[in-house]
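Results of the structural survey
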Amino acid sequence: MTALPLLAVSTDGFVHLDRLPMSSVRRDASIVLDGTWEFQLLGNASEALGEWTTAEVPSLWTVTSDIDRPHYTNVPMPFEGVPPMLPASNPTGVYRRTVSLSRRDGMRTILRVGAFESGLFVFVNGVAAGAGTDSHLATEVDITEHVHDGDNEIMLVVQKFTPESYIEDQDQWWHGGISRSVSIIEVPEVRLDDVTIVADFDAVAGLGSLKVSGLVSALAREAARGHSVEIEVLGQSATADVTGFQPSQTLPKPSDERDEKPQSYGMPPDMMDLVSLAPAGADIAEHLRPVARQLAQTALHDTVAGEASLALDGLEVLPWTAETPHLESLAIRLRDPEGKVIDEVSYRVGFRRVEIVGRDLLVNGARVLLQGVNRHDSDPRTGRVMTRESMARELALMKTHHINAIRTAHYPNDPEFLDLCDEYGFYVVSEADIEGHAFADSIADDPRYLARFQERYSRMVLRDRNHASVIIWSLGNETGHGAAHPAMAAWSRHVDPTRPVQYEGAIAPDWHAGHASSDIVCPMYPAFSALESYSADPRSDRPLIACEYAYSQGNATGGLARYWELFETLPGLQGGFIWEWRDHGLDLDGDGHYRYGGDFGDEPNNGNTLSNGIVFPDLTPQPALVEAQGVFAPVRIVSDADEVRRGILKVRNRQQFSGLQSLAATLRVEFATGQTLTFACELPVTAPGATVEMELSAEIRGAVQDADAIALALDLTLAVDTVWAPRGTGLGSQQVELPFRHTGLPTGGTPSDLAEDGTIVHPLLAAPPELCLWRALTECDNSFALDKRFVRSGFFALTAASREVEAGGDATIVRTAYTAAYGDQVIHTRRIEEIAPGDYVLTEDVQLPEGTSDGLRVGIEFTLVPGFDLAEWTGLGPSENYPDRRSGVTLGHWSESIEAMDVPYLKPQENGTRGGVWSTALTGVPGIVETQHVEPMHMNVSRHTIGDLEAASHWWELPDRDTTTVHIDIAHRGVGTALIGPDTQPAFRLDATSYSWTWRLTMAQN
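No experiment lies behind these values; they were computed from the predicted model shown.

Cut-offs applied
Residues numbered from 1 in each chain as written. Predicted model: local features only at pLDDT ≥ 70, side-chain atom pairs only at ≥ 80, totals over all residues. Heavy atoms only, no water. Helix = DSSP H or I, 4+ residues; strand = E, 2+ residues; numbered from the N terminus. Rg over C-alpha atoms; globule rule 2.2 N^0.38 Å. Buried < 20%, exposed > 50% of the residue type's maximum accessible area, 1.4 Å probe, protein only. Contact = heavy atoms within 4.5 Å. UniProt positions renumbered as here; feature names shortened; annotations may be inferred. Patch = residues over 30% accessible without salt bridge, like charges linked within 9 Å, V, L, I, M, F, W, Y side chains within 5 Å. Areas by Shrake-Rupley, 256 points an atom, 1.4 Å probe, with all protein chains shown as cover. Salt bridge = Lys/Arg side-chain N within 4 Å of Asp/Glu carboxyl O. Pairing = 2+ DSSP bridges. Lys, Arg positive; Asp, Glu negative; His and termini not counted. Charge placed at Lys NZ, Arg CZ, Asp CG, Glu CD. Core = buried A, V, L, I, M, F, W, Y, C linked by side-chain atoms within 4.5 Å. Phe/Tyr/Trp six-rings, centres within 6.5 Å; stacked < 30°, edge-to-face > 60°. Axes fitted to C-alpha atoms, helices over the stretch in contact; angles between N-to-C directions. Parallel < 35°, antiparallel > 145°, perpendicular 65-115°, else oblique. Nonpolar A, V, L, I, M, F, W, Y, C, P; charged D, E, K, R; others polar.

**So, the overall build of the protein chain**
On a plain count of helices and strands, the protein chain comes out with 15 helices and 51 strands. Taken over the C-alpha trace, the protein chain has a radius of gyration of 34 Å; the compact-globule value for 1006 residues is 30 Å, and the two agree within 12%. Dimensions of the protein chain along its principal axes, counting C-alpha atoms only, are 140 × 70 × 50 Å. Counting all 1006 residues of the protein chain, 58% fall into the buried class. Long-range contacts, defined here as pairs at least 24 residues apart, represent 73% of the contacts in the protein chain between residues at least 6 apart.

Below, the structure written as structure tokens:
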């Protein structure tokens, strides 16, 4: 063969779909075809075949090949054109393998390709056998008629782009290849083709009910033969016959026969009126109601051929929720007329009810809060090829950080992922693989795409509707709002009335509109005031659940706690999904160097926009995940410091369904001196949503009343083994900060060893303490929406225009006038007292230019000589924190290597700051450098300078340094989410023009 067989496409490029209908039934593979295949990568489908190489299945050629590399775009398509035009360069992968098969009577041979990107054509022994699209749902092809006993050649042709690529324009890498498992499945010819399960739970009665419908397509073409379907669950069973083909009912033909007197059938007068009286709701005599029903059947045809419907009521069963993911085994058997089992499938089902009542989304009658994340399939080494083990690691990490909901952005996930969500306990928004971002203004109204929209959405629903974890359907993402959307929603509500439908595009222009396409108001990146307005608006008639919020690109996610103050207190608001779970950086070479858009020569590209996760590509938690753990914690301390000092600790159970019996806790009292006292703690019995009061022991009361006590912390761990983590796993901490007043710093005299210009000189200092008003811009700092406000301040470059040094009897005063980059003047006055050689008390006063309304930091920067390796501090920790992102950290005494103080965001920027710091100690071979603060300050210790961070495009490009740069700030701006969403709140901006503070710097050589 020198050329590919003709691919089944229409004149405008659309793939002629030829595959089996989607089904919820999952069967074990008879032959797993994963592994090594012969492979060729062509420039397009018309190119001649060449020499065969090999490729692993599943894998993406964009990950393994140097010919066609990953390409990242957010909104634009990766090629020029309008739908449904395709580029001349359309990489096409050809996979070939020989498989030994045997044909058996009464059996069918099915080829299953789990996922591919993005068009699939199946050839068996050189003959076209099927074709499919939809990059994230399986295509199954019945190849029975194309195989023979012995060796058979299977060839899979995968086109990277099809016309449907225009509705797969998600914010992610463009890839090509086969991303999920390939297998052969042998099934009976007469079999269960699909199963629909509704496992309901009545929270008032405390009982479950089950409805099961089994479809046997092979029996729908003939009269009933006596086949039956049996279900078994919870020790109970039920059986129902499979319906056969029924001719359409119609009225008898009129007869002209008059030889004999016609027999009367007892027709009532005005019988035909019964056809309309029933639907009109008119009164019908009791004896006529059966006639009305029979007449209606001629029009309704409500009996489905080849189907068996069964029900069980009054089931004593534990309900399923994300907190209590109780599953039951359900067996479904198809029996032939002799009673022999000829097919059997099984499911793990969770009994639960999802409904919207007024403005509340309810699960089992209770209002739930969705502590969610948006999740893409992403792996730094394999692209979108995931394993069950890797997905389980993700979900376990989510559970330990109290994430309870997932939006499958922006396509259906692997069915095994949903199995794990059922088992681990997550609420899932299952989203259709539909995003036409580049043509969002038109494509949802394009009749050429209408069927493809519906096909993608309906296949997802049919596949996933038996999963307890799936509580909401999503019509897709960022595809405008057109005729296709209400059509999909209407189909969904009819086929699956047990779940609501959401779509952000329907409500984007007006949160009070779009009802035909969305049962939920699901905005992106809402302002805090917008949420307050919606909650208070009498027109608001649906629950609001943000489909995307808390945008987390780089050092961001500030304001998460504020969002949750609103979600937890205002009616109509029920949480949302953080954008997003995982950075998409690729490390295809395994060198630890994560790459983003443009790093593979991909043009056009959207650069680092895919690095907006709260975990790094390798699942290492980012500080934003620690913040989520604190905000989402199942237990929250609601006592204030006065109550704690009186010996009262109040805690609230934030869960909706569970007590605290699965949690263990310890109490920890932290002191400004660095001391820590730990106490045993037994959590009391606490109902879901309830607040209980705990009496603290005399020993704890004494500790928190100590003048040096700064915080009481509650550390949570798992008290039981779970499927996602063992007993003893840490679950975060909550704390109450205690009022603490520093006793003051010692007084000294005029320093004797300052430089001529008044700077401090010491062998441990590579650069003296100087004023610093700048940080390496975060990606949010550099947001278009902030209008370059920080750069316009000119604070990134301070030049000492003049310096006056005045030595007095007890101190030296150094007054420095700085000129900022664009000419504004900054005045810094420092009072220096020497306590002993190398030991100074510094009183700082900074006057910023009139009109300064926002800034990044106000503080002091100095550099230590090489050799320092350990940082210790008493303050908030242990992880990075900022004024608007500090719910996951606690006050305490912490230590880290200086290298570990950094947070390696893929694009270098401000990172690693810790707030609430009373003291620091930096140690190494050269000696020790300590600071003490009269009031809590912000600390940053790093190997990298601000200039280093701003000059590098990737973390791995930063220069190696052995010096240590230290920042001690009296004020530091929050991080916010201004790249897409709210800026840091006004309380966490630097709006003053005058700052004063006192601190102590002590340096001692070894």
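**Points about the UniProt feature "domain: Beta galactosidase small chain/" (unreviewed entry) in the protein chain**
According to UniProt, the feature "domain: Beta galactosidase small chain/" (unreviewed entry) maps to residues 747-1002 in the numbering used here. Note that residues 747-1002 is 4% helix and 46% strand, and that its end C-alpha atoms are spaced 14 Å apart.

**Focus: unusual backbone geometry**
Each neighbour pair has its own omega, and for Pro83 with Pro84 the value is 0°, a cis peptide bond. Take Pro84: it is sitting in the loop between strand 5 (71-73) and strand 6 (92-101). Within the chain, Glu478 stands out as a residue other than glycine whose phi angle is a positive 45°. Mapped onto the fold, Glu478 is located in the loop between strand 29 (470-474) and helix 7 (484-495).

**A look at a nonpolar patch on the surface**
A grouping of Leu251, Met272 and Val275 is seen on the molecular surface, where their side chains present a nonpolar patch of about 280 Å² in accessible area. Looking at the secondary structure, you find Val275 in helix 2 (residues 274-280). Since its relative accessible area comes to 42%, Val275 is described here as partly exposed.

**Quick look at the pairing of strand 35 (residues 663-671)**
Where burial is concerned, most of strand 35 is hidden: seven out of the nine residues are buried. As paired elements, strand 35 and strand 38 (residues 709-718) share nine bridges and run antiparallel to each other. Paired with Ala664 across the two strands is Thr717, which belongs to strand 38. Note: strand 35 against strand 36 (residues 676-681), six bridges, orientation antiparallel.

**Focus: a negative patch on the surface**
Taken together, the side chains of Asp256, Glu257, Asp259 and Glu260 make up a negatively charged region of the molecular surface. For Asp259, a relative accessible area of 71% puts it in the exposed group.

**Here we look at the sheet that holds strand 7 (residues 107-113)**
The strand order 1-15-7-11 describes an open sheet built from four strands, whose pairing is antiparallel. The open sheet terminates on both sides in strands that have one partner only, identified here as strand 1 (31-32) and strand 11 (139-142).

**Regarding the nonpolar core**
Counting 128 residues, the largest nonpolar core has Tyr549 and Trp581 as the members making the most contacts within it. With sequence-adjacent residues up to four places away left out, Tyr549 is seen in contact with Tyr525, Pro526, Leu560, Tyr563, Trp564, Phe567, Gly576, Phe577, Ile578, Trp579 and Phe632. Among the nonpolar cores identified, the runner-up in size contains 56 residues, and Cys772, Trp774, Ala776 and Phe790 belong to it.

**Regarding the pattern of salt bridges**
Overall, the coordinates contain 70 salt bridges when judged by the stated rule. Where Lys160 meets Asp68, a salt bridge forms, and the shortest distance between an N and an O atom there is 3.1 Å. One end of the pair, Lys160, is in the loop between strand 12 (150-159) and strand 13 (172-174); the other, Asp68, is in the loop between helix 1 (61-64) and strand 5, and 92 residues separate them in sequence. There is no split in this pair, since Lys160 and Asp68 are both buried. What you see here is one network of salt bridges that share partners, running through Asp134, Glu164, Glu168, Asp433, Arg452, Arg456 and Arg459.

**Here we look at the packing of aromatic side chains**
Tallied over the full model, the rule gives 24 aromatic pairs. Taking 6.0 Å as the distance between ring centres and 80° as the angle between the ring planes, the aromatic pair formed by Trp320 and Tyr427 counts as edge-to-face. Of this pair, Trp320 sits in the loop between strand 20 (307-315) and strand 21 (328-335) while Tyr427 sits in strand 28 (residues 427-431); the two residues are 107 residues apart in sequence, bridging distant segments of the chain. The buried category is assigned to Tyr427, whose relative accessible area is 1%.

**Description of the environment of Tyr563**
Positionally, Tyr563 belongs in helix 10 (residues 560-569). Tyr563 sits in the buried class, given a relative accessible area of 1%. Here the alpha-carbon distance between Tyr563 and Ala698, two residues 135 residues apart in the chain, equals 37 Å. Once residues lying within four places of it in the same chain are set aside, the contact partners of Tyr563 are Tyr525, Pro526, Phe528, Leu531, Tyr549, Ala550 and Pro982.

**With respect to the sheet that holds strand 35**
Taken together, four strands build an open sheet; the order of strands is 36-35-38-39 and the sheet is antiparallel. The sheet terminates laterally at strand 36 and strand 39 (730-737), the two strands that pair on one side only. Strand-to-strand twist in this sheet, taken as the mean axis angle between neighbours without regard to direction, amounts to 25°.

**Examining the side chain of Ser183**
Structurally, the position occupied by Ser183 is in strand 15 (residues 182-188). For Ser183, the residues in contact, after removing those within four places along its chain, are Ala29, Ile31, Val32, Leu33, Ile110, Leu111 and Arg112.

**Side note on the packing of helix 9 (residues 528-536) against helix 10**
Remark: helix 9 packs on helix 10, axes separated minimally by 10 Å, with the N-to-C direction vectors making an angle of 5°. Viewed along their axes, helix 9 and helix 10 adopt a mutual orientation that is roughly parallel. The segment helix 9 lies against helix 10, with Phe528, Leu531 and Glu532 engaging Arg562, Tyr563, Leu566 and Phe567. Of the residues in the contact of helix 9 with helix 10, the class split is five nonpolar, no polar and two charged.

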